[in-house]
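These are the residues of each chain, in order.
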Amino acid sequence: MGIELFPFSEEHRMIRDAAREFAQKEIAPIAAEHDESGKFPYETIRKMGEMGFMGIEVPEEYGGAGLDTLSYVLALEEICKVDAAHGTIMSVNNSLFCYGLLKFGTEEQKQTYLRAVASGKAIGAYALTEPMSGSDAGNMRTRATREGDFYVLNGRKSWITSGPVADYFVVFAMTDPTKKHKGITAFIVDGKTPGLIRGKKEPKLGIRASDTSEILFENCRVPVANRLGEEGEGFKIAMTILDAGRIGIAAQALGIAEAAYEASVKYAREREAFGQPIGAFQGIGFKIADMKTRIEAARLLTYNAALAKERAKISGERFTLEASMAKLFASETAMFCAHAAVQIHGGMGYSKELPIERYFRDAKITEIYEGTSEIQRLVIARHELGLK
Ligand code: CAA
């Protein structure tokens, strides 16, 4: 348990406890098996939809649970503490799909696409990255050309979380390459649209039960009514959505770090060497102390970012800095804790008999996706130096 420095409401405690119970009962028994097979966990994701976990911040009128950002973070943290792969699917659905539609969608788009995804009846995805543009997101090659009441999309998106299974995608494409990032436009694309082709599933180091693939567009005709925002607003929409997404990844990282920490404390108390529990040796005790301290700092940054996003719903201000700091620190904490947990467990940390090695593999992605640690440092430095 973390230190409860935040003023949690009864509602916060309820969703946290519900997510914790669900994760223990439904996800824990299948996590290792799905990690091994890499099979998408359709059944548990469907149940998470029924629990209201797939659209936590979306108002009930659009099919969501109508809760606040802290509720989302608390629920995601609990799910990821048991299995980060389920957390990735939940995070992309909530932040990268639902948040964008809620903020920028028309009433019709909300009723059609947001309602389906927020209620968990459909799965949402976000297609920004391309083979030649990851961190430099504005430098994309996918084109959208207007033809009457349609845009025709051509190009290739890569590393798309839930790509093989998603029903709907938020896709970013260039409508006017001469304007660089100001020529990017966002679209909602139905996964069944002819010309949307799903590439092969990527074999991955971690979060293996979360499906990732390329998405190809070959003369894919998208109705003008499916444009998200105005022409040329796509880059800002992409960045605004990522600010929300990064809070989700911070929560995910926090969950992984906590799981690694709790297992380590238990093992350090039980395992004996040289006639005493290994935790009594400073080499282990100091690791435990550093893990705990970093986790509590990551928790404060993550909950703080959630509160900043909540305030932004009224003020309209950006929460870019808070989100980047939380994502940076929490993801590096996850990696630190997972690394220490493997070391504390010794050979057992390296064995597939325990989930420790899975935490280690799952933690790494949090330093990479939705903006690498280097990109988060760049965002924070630019903000502090007033360079952008
Ligand atoms: N919110 C709103 N607007 C923003 C913004 C934000 N957070 N960040 C930048 N902008 C605006 C700027 O104000 C600027 O506006 P003007 O043109 O009107 O001045 C415009 O966007 C361009 O900004 P920059 O000049 O700062 O853009 P840049 O090209 O230097 O890039 C960057 C900035 C921070 C490096 C950005 O490209 C970035 O975040 N890159 C990382 C991308 C990323 O996270 N990719 C992960 C993809 S999702 C994923 O991982 C897959 C998955 O399925 C999980």
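The model shown is predicted, which means the values in this text are computed figures rather than measured ones.

Chemist: Help me understand the packing of helix H2 (residues 42-50) against helix H4 (residues 84-104) in this model?
Modeler: In a pair of packed helices, the angle between the axes and the distance between the axes together describe the arrangement. Between H2 and H4, the least distance of the axes is 11 Å, while the angle of their chain directions is 50°. What the angle tells us is that H2 and H4 run oblique. Judged by the sense of rotation from one axis to the other, the crossing of H2 with H4 is right-handed. Where H2 approaches H4, its residues Thr44, Ile45 and Met48 are matched on the opposing element by His86, Ile89 and Met90.

Chemist: For this particular structure, what's the right way to read H2?
Modeler: Buried within H2 we find Thr44, Ile45, Met48 and Gly49. Within H2, the buried residues cover an arc of 150° as seen down the axis, which keeps them to one side. Of the exposed residues in H2, those oriented more than 90 degrees away from the buried face are Tyr42 and Glu50. Elements that come into contact with the buried residues of H2 comprise helix H1 (10-37), helix H3 (69-82) and H4. Positive backbone phi, at 90°, marks glycine 52, one or two positions downstream of H2.

Chemist: Explain the site of the ligand here, please?
Modeler: Taken together, the neighbourhood of the ligand is formed by 26 residues, with Ser135, His181, Lys182, Arg246 and Glu370 sitting nearest. Between histidine 181 and the ligand, the recorded distance is 2.6 Å, taken from a side-chain N or O atom to an oxygen atom. Glycine 371 places a main-chain nitrogen or oxygen 2.9 Å from an oxygen atom of the ligand. Within the complex, the protein chains bury 81% of what would otherwise be the 1,100 Å² of accessible surface of the ligand. Elements with a minimum of two residues in the shell around the ligand: strand E3 (150-161), helix H6 (234-270) and helix H11 (373-385).

Chemist: How should the pattern of salt bridges be read in this particular structure?
Modeler: Two side chains with opposite charge may pair up if their charged atoms get near one another. With the rule as written, the count across this model stands at 28 salt bridges. In this structure, the salt-bridge partner of lysine 313 is glutamate 57, at a minimum N-O distance of 2.9 Å. One end of the pair, lysine 313, is in helix H7 (residues 282-315); the other, glutamate 57, is in the loop between H2 and H3, and 256 residues separate them in sequence. Arginine 358 is paired through a salt bridge with aspartate 83; the nearest N and O atoms lie 3.2 Å apart. Taken as a pair, arginine 358 in helix H10 (residues 356-366) and aspartate 83 in the loop between H3 and H4 lie far apart in primary sequence, 275 residues in all. Look at arginine 358 and you get buried, because its relative accessible area is 7%. One continuous salt-bridge network, built from bridges that share partners, spans Glu77, Lys81, Glu258, Glu262, Lys292, Glu296 and Arg299.

Chemist: Just checking my understanding: could you explain the packing of aromatic side chains for this structure?
Modeler: Across all of its chains, the model carries seven aromatic pairs by this definition. With a centroid separation of 5.8 Å and 70° between ring planes, the pair formed by phenylalanine 8 and tyrosine 303 is classed as edge-to-face. With a gap of 295 residues between them, phenylalanine 8 in the segment before H1 and tyrosine 303 in helix H7 connect regions that are remote in the sequence. Like tyrosine 303, phenylalanine 8 is buried. Directly above the aromatic system of phenylalanine 104 lies the positively charged group of lysine 103, at a separation of 6.0 Å from the ring centroid.

Chemist: Just checking my understanding: could you explain the packing of H1 against H2 for this structure?
Modeler: Close contact between H1 and H2 brings their axes to 10 Å; oriented N to C, the two are set at 170°. Here H1 lies roughly antiparallel to H2, going by the angle between them. In the crossing of H1 with H2, the sense of the turn from one axis to the other is left-handed. Here Phe22, Glu26, Ile27 and Ile30 of H1 come into contact with H2, specifically with Thr44, Lys47 and Met48. A per-class count over the contact of H1 with H2 returns four nonpolar, one polar and two charged.

Chemist: Explain the domain arrangement of the protein to me, please; I cannot follow it from the model alone.
Modeler: Often, the extent of an interface is quoted as the loss of accessible area upon association of its parts. On domain assignment, one finds that the protein holds domain 1 (10-123), domain 2 (125-234) and domain 3 (242-385). Averaged C-alpha coordinates put domain 1 and domain 2 at centres separated by 22 Å. With 26 residues of domain 1 in contact, the opposing surface of domain 2 contributes 22 residues. Around 2,100 Å² of area is buried between domain 1 and domain 2 when both sides are counted, 65% of it from carbon and sulfur atoms. Joining domain 1 to domain 2, the criterion identifies zero salt bridges. Counting across the interface, domain 1 meets domain 2 through eight residue pairs in polar contact (both at pLDDT 80 or more). Here the element with the most residues in the side of domain 1 that touches domain 2 is H4; it accounts for ten residues.

Criteria and thresholds
- Residues numbered from 1 in each chain as written.
- Predicted model: local features only at pLDDT ≥ 70, side-chain atom pairs only at ≥ 80, totals over all residues.
- Heavy atoms only, no water.
- Axes fitted to C-alpha atoms, helices over the stretch in contact; angles between N-to-C directions.
- Helix = DSSP H or I, 4+ residues; strand = E, 2+ residues; numbered from the N terminus.
- Parallel < 35°, antiparallel > 145°, perpendicular 65-115°, else oblique.
- Left-handed = near helix turned anticlockwise from the far one by under 90°.
- Contact = heavy atoms within 4.5 Å.
- Buried < 20%, exposed > 50% of the residue type's maximum accessible area, 1.4 Å probe, protein only.
- Arc of directions from axis to C-beta.
- Near = heavy atom within 4 Å.
- Polar contact = N/O pair within 3.5 Å; in protein donor to acceptor, adjacent residues only side chain to side chain.
- Areas by Shrake-Rupley, 256 points an atom, 1.4 Å probe, with all protein chains shown as cover.
- Salt bridge = Lys/Arg side-chain N within 4 Å of Asp/Glu carboxyl O.
- Phe/Tyr/Trp six-rings, centres within 6.5 Å; stacked < 30°, edge-to-face > 60°.
- Lys NZ or Arg CZ within 6 Å of the ring centre and 35° of its normal.
- Nonpolar A, V, L, I, M, F, W, Y, C, P; charged D, E, K, R; others polar.
- Domains from an automatic or database assignment.
- Buried area = accessible area lost by both parts, 1.4 Å probe.

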